[in-house]
Amino acid sequence: MAMTASSGVAQDASTATPAASQAERSPFLRTTELLAPYKPAKPLITLSLGEPQHPLPDFVGPVLSKHIAEFGRYPAAKGIEPFRHAVAAWLSSRFRLPRPVDPESEILVLNGSREGLFFAAITAARYVGPRKGRPAILMPNPFYPAYGAGARAAGCEQIYLPTTLENGFLPDLDSIDEATLARTVAFYIASPANPQGSVASRDYLLRLKQLADRHGFIILSDECYSEIYTRDAPGSMLECAGPDFTNVVALQSLSKRSNLPGMRVGFAAGDRKFLAAFHELRNVAAPQVPVPLQHVAVAAYSDEAHVEENRRLYRIKFDFADQILGNRYRYKRPAGGFCVWLDVSDRGGDEATTVRLYRDAGVRVIPGSYLARQQNDGSNPGAGYIRLALVSDSESTAEALHRLVETLG
């Protein structure tokens, strides 16, 4: 069945319902408020926030020390030349690109991928130009909150594409009608997906690229989890973008890959014309990246040993999840990322289960409905699920999983 424009839910402040306004708030703040009346019966283990807790790479301190004086410089929005060249080299070694990315015109440094995802929506609305009807930005549902915030700031309608077990937890591209595509300015895609960990195939990405070229919208590919996987390395949208990367921008971060969530360094790569417009906006509005941190990023993108060690630690924790969870709660080891997406619809639902785990087991998770938005038919594709981020050490993670099973049965 085709997904019409009415499948999206506009979030204008003047028309939003109380439920819709509540859904626009931070899912983490909402979870804090949900749990505020309760005290955990056991020492708390937090699995709600996707903040990596593995040790920092050894090179961080020495590189910072070497470049400490450069905190006295205003950073350029484009990024220092060594950073852009290191990113270009990493992209060529990691992915099967149609050609090497030009570090001068096809890479921009970001203050973490979140701000890039936000400002890219504003850029897309200006860059793409007039549409046939109200401009729209499409996104998977559930999704990373920065997507919705970016669409609102861009003055675009947010159209939510439900990602469910039935469609492999990826947006169903064939369900989007032509009228909606004709007014689309940007399409957010996350592979590996947050929260379900699904990975888009090459055929899927090629199909999305065809739609972008036919209708003239920008693909904003969130690839921050690309280096966390247990078997096959996920591909990049850039691999399917053609010789000029037209209409494609990939956004990356060192938060997950290198266990550096507080450093706030990432990059955008792809369509040079779009990135020129993106650079213009970021040059006057976006937070920039301190030069010493960019030098740390140069070291990070030049080293794979610490990344493989990071993956090894996550594999250990997913092995525990396989053993402890088994086939309960429709658990399936994700293809990528470090999150677990559990169906607790027959255990009282996601909010009640979140409260129960916190209160009775000392395990903090996040309700799936808080990560998603209500569809036009009233359904919420995150409802009935909880998300666990396996970011703590392996011992704490195993303990939390045992408590979960003991509490929920």
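Quantities reported herein were computed from a predicted structural model and do not represent experimental measurements.

Before we move on, can you summarise the pairing of strand 12 (residues 385-389) with the specific residues and values?
Within strand 12, five of the five residues are buried, which leaves the element mostly enclosed by the surrounding structure. In this structure, strand 9 (residues 339-343) lies alongside strand 12, joined through five bridges in antiparallel fashion. Across the sheet, residue V340 finds its bridge partner in strand 12, namely L388. Summarising the sheet, strand 11 (residues 366-367) and strand 12 pair through two bridges and their orientation is antiparallel. Paired with I366 across the strands is R387, a residue of strand 12.

A description of helix 12 (residues 305-325) should follow, citing residues and the corresponding values.
The terminal C-alpha atoms of helix 12, which comprises 21 residues, lie 30 Å apart, in line with the 30 Å expected from a rise of 1.5 Å per residue. The complete set of buried residues in helix 12 reads H306, V307, N310, R311, Y314, K317, F318, A321, I324 and L325. The buried residues of helix 12 all sit within an arc of 145° when viewed along its axis, so they share a single face. The exposed set on the far side of helix 12, more than 90 degrees from its buried face, consists of A305 and Q323. Summarising the contacts, the buried residues of helix 12 are in contact with helix 9 (254-257), helix 11 (291-301), strand 9 and helix 14 (394-408). Positioned one or two residues after helix 12, G326 has a phi angle of 60°, which is positive.

An account of the side chain of K256 is needed here, citing residue identities and associated values.
Along the chain, the position of K256 falls in helix 9. With sequence-adjacent residues up to four places away left out, K256 is seen in contact with G50, P52, C224, Y225, I228, N310 and F338.

Provide a residue-level description of the sheet that holds strand 9, including the pertinent values.
Pairing within the open sheet is antiparallel, and its three strands lie in the order 9-12-11. Two strands bound the open sheet, and with one partner strand each, they are strand 9 and strand 11. Helix 13 (residues 350-361) rests against strand 11 and strand 12 of the sheet, and its axis sits at about 45° to strand 12.

How would you sum up the packing of helix 5 (residues 112-128) against helix 10 (residues 272-285)? Please name residues and give values.
Close contact between helix 5 and helix 10 brings their axes to 9 Å; oriented N to C, the two are set at 115°. As helix 5 packs across helix 10, the resulting crossing turns out to be right-handed. On the side of helix 5, the interface is formed by E115, G116, F119, A120, I122, T123, A124, R126 and Y127, while helix 10 contributes K273, F274, A277, F278, L281, R282 and A285. The residue makeup of the contact of helix 5 with helix 10, split by class, is ten nonpolar, two polar and four charged.

Before we move on, can you summarise the packing of aromatic side chains with the specific residues and values?
On inspection of all chains with the given rule, the structure shows 16 aromatic pairs. Centre to centre, the rings of F267 and Y301 are 5.7 Å apart; their planes meet at 70°, and the pair counts as edge-to-face. One end of the pair, F267, is in strand 8 (residues 266-270); the other, Y301, is in helix 11, with 34 residues separating them in the sequence. Owing to a relative accessible area of 4%, Y301 belongs among the buried residues under this scheme. One aromatic cluster is present, formed by F83, W90, F95, F267 and Y301 through successive ring pairs.

So what's going on with the pattern of salt bridges? Which residues, and what values?
Tallied over the entire structure, the rule returns 24 salt bridges. For E33, the salt bridge is made with R25, and the minimal N-O distance between the two is 2.8 Å. Exposure remark for E33: the relative accessible area of 40% places this residue in the partly exposed category. Overlapping salt bridges, with partners in common, bring together E24, R152 and R373 in one network.

Summarise the nonpolar core; cite the residues concerned and give the values.
In terms of nonpolar packing, the biggest core is built from 54 residues, with F83, L91, F187, V265, F267 and Y301 touching the most fellow members. When residues in this core are grouped by element, the largest group, seven residues, is from helix 11. Every residue in contact with F267, bar those within four places of it in the chain, is listed here: F83, V87, W90, L91, I107, L108, V109, L110, A250, L251, Q252 and Y301. In this structure, F119, V128, Y147 and A190 belong to the second largest nonpolar core, which totals 31 residues.

Criteria and thresholds
Residues numbered from 1 in each chain as written. Predicted model: local features only at pLDDT ≥ 70, side-chain atom pairs only at ≥ 80, totals over all residues. Heavy atoms only, no water. Buried < 20%, exposed > 50% of the residue type's maximum accessible area, 1.4 Å probe, protein only. Helix = DSSP H or I, 4+ residues; strand = E, 2+ residues; numbered from the N terminus. Pairing = 2+ DSSP bridges. Expected span 1.5 Å × (residues − 1). Arc of directions from axis to C-beta. Contact = heavy atoms within 4.5 Å. Axes fitted to C-alpha atoms, helices over the stretch in contact; angles between N-to-C directions. Left-handed = near helix turned anticlockwise from the far one by under 90°. Nonpolar A, V, L, I, M, F, W, Y, C, P; charged D, E, K, R; others polar. Phe/Tyr/Trp six-rings, centres within 6.5 Å; stacked < 30°, edge-to-face > 60°. Salt bridge = Lys/Arg side-chain N within 4 Å of Asp/Glu carboxyl O. Core = buried A, V, L, I, M, F, W, Y, C linked by side-chain atoms within 4.5 Å.

Nothing here speaks to function; it is all geometry.
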